[in-house]
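An overview of the molecular structure
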Amino acid sequence: MLTRRLIPCLDVNEGRVVKGVNFVNLRDAGDPVEVAARYEQQGADELVFLDITASHEQRDIMLDVVRRVAEQLFMPFTVGGGIRTIDDVTRLIQAGAEKVSINTAAVLTPEIITQTAERFGRCATVVNIDPKRITRDDKVVFEVHTHGGRKTTGLEAVQWARRVVELGAGEIVLTSMDADGTKDGYDLEITRLVTAAVDVPVVASGGCGGPEHMFDALKPLADGGGGADAALVASIFHYGQYTVDQCKSYLADRNIPVRWPGATAA
């Protein structure tokens, strides 16, 4: 069985790691280079770096910060924010990213997904989907948002997930705007809907308050879980509530396969 991944996420604003609730009320969490080095030492499986205001401010991502973070890492490194063209993707790969995460540009210019997959491979092509519950025609739907959650798109999240896979996405990071920063647990409803709809890895994101929430998201669909392949984590790691090791131990004890020296799950 494939191992499940724990992925710390660095939301970066003005050169600092931050974390908010429902995409607002940002709180400082440290220098991205120092934070990245800590997660490398802790044995995280991957690291995600998102320049969360680049698209909204219509500016390029901070390549110098990306390079300095990449220098700290041996684990896979995904970078997103401010991507508009395939040239932007190329610059990020050259700066040390193994994968790129595309959100706003994927909606505005979907061909960038295909271009990235063709040039760098599906495994390097990640699409981040930020859904939020809205009421439309007296029905609650999960609508995709862009520009750091600031703009609505009219796209329904599950349909969009299927579409980005058709275009070449090799992985989806699914960040629930409703759950983001709440520590009340991942949004299992939308996680299950997306993991059941696509045949590529899905990373559950938004709302993790402890290892029990990771377990819920990573548990197979057949067992009532979210069916996710990985769990993105921010607040509880950034502010020292849990370590990567503690969470992997918890998961291994419950037969979730993880890369961890003490794991007994296979």
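How each quantity is defined
- Residues numbered from 1 in each chain as written.
- Predicted model: local features only at pLDDT ≥ 70, side-chain atom pairs only at ≥ 80, totals over all residues.
- Heavy atoms only, no water.
- 1 Å grid on protein atoms, 1.4 Å probe; cavity = no way out; pocket = protein on both sides within 12 Å on 5 of 7 lines; lining within 4 Å.
- Points joined across faces, edges and corners; volume = space filled by probe spheres on them.
- Helix = DSSP H or I, 4+ residues; strand = E, 2+ residues; numbered from the N terminus.
- Buried < 20%, exposed > 50% of the residue type's maximum accessible area, 1.4 Å probe, protein only.
- Pairing = 2+ DSSP bridges.
- Right-handed = clockwise from strand over helix to strand, strands pointing away.
- Salt bridge = Lys/Arg side-chain N within 4 Å of Asp/Glu carboxyl O.

**Description of the layout of surface pockets**
Put simply, the second largest pocket is a space of about 160 Å³. In this structure, the second largest pocket is lined by Leu2, Thr3, Arg4, Arg5, Asp45, Glu46, Pro76, Pro201, Asp229 and Arg259.

**Here's the deal with the environment of Leu10**
Relative to the helices and strands, Leu10 is located in strand S1 (residues 5–13). Among the residues examined, Leu10 registers a relative accessible area of 0% and is labelled buried. Linking Leu10 and Ala234, residues 224 residues apart in sequence, is a C-alpha distance of 7.0 Å.

**A look at the pairing of strand S12 (residues 230–233)**
Side-chain alternation along S12 places Ala230 and Leu232 on one buried face and Ala231 and Val233 on a second face that is also buried. Direction of pairing for strand S11 (residues 202–205) relative to S12: parallel, over a ladder of two bridges. Following the sheet pairing, Val203 is matched in S12 by Ala230. In this fold, the crossover linking S11 to S12 by way of helix H8 (residues 211–218) has right-handed handedness.

**Things to note about the pattern of salt bridges**
Pairs can form between side chains of opposite charge whenever their charged atoms are close. Summed over all chains, the structure comprises twelve salt bridges. Among the ionic pairs, Arg5 bridges to Glu46, the shortest N-O distance being 2.7 Å. Here Arg5, found in strand S1, pairs with Glu46, found in the loop between helix H1 (32–42) and strand S4 (47–51); they are 41 residues apart in sequence, far enough to count as distant. Take Arg5 and Glu46: they sit in the same class, and that class is buried. One salt bridge connects Glu166 with Arg163, and the closest N-O pair in it is separated by 3.3 Å. A residue pair is termed a helical-turn pair when its members lie 3 or 4 positions apart in one helix, as Glu166 and Arg163 do in helix H6 (residues 157–167) at three residues. The class for Glu166 is exposed, based on a relative accessible area of 59%. Using a relative accessible area of 40% as the deciding quantity, one classes Arg163 as partly exposed. When salt bridges with common partners are traced through the structure, they connect Arg5, Glu46, Lys99 and Glu171 into a single cluster.

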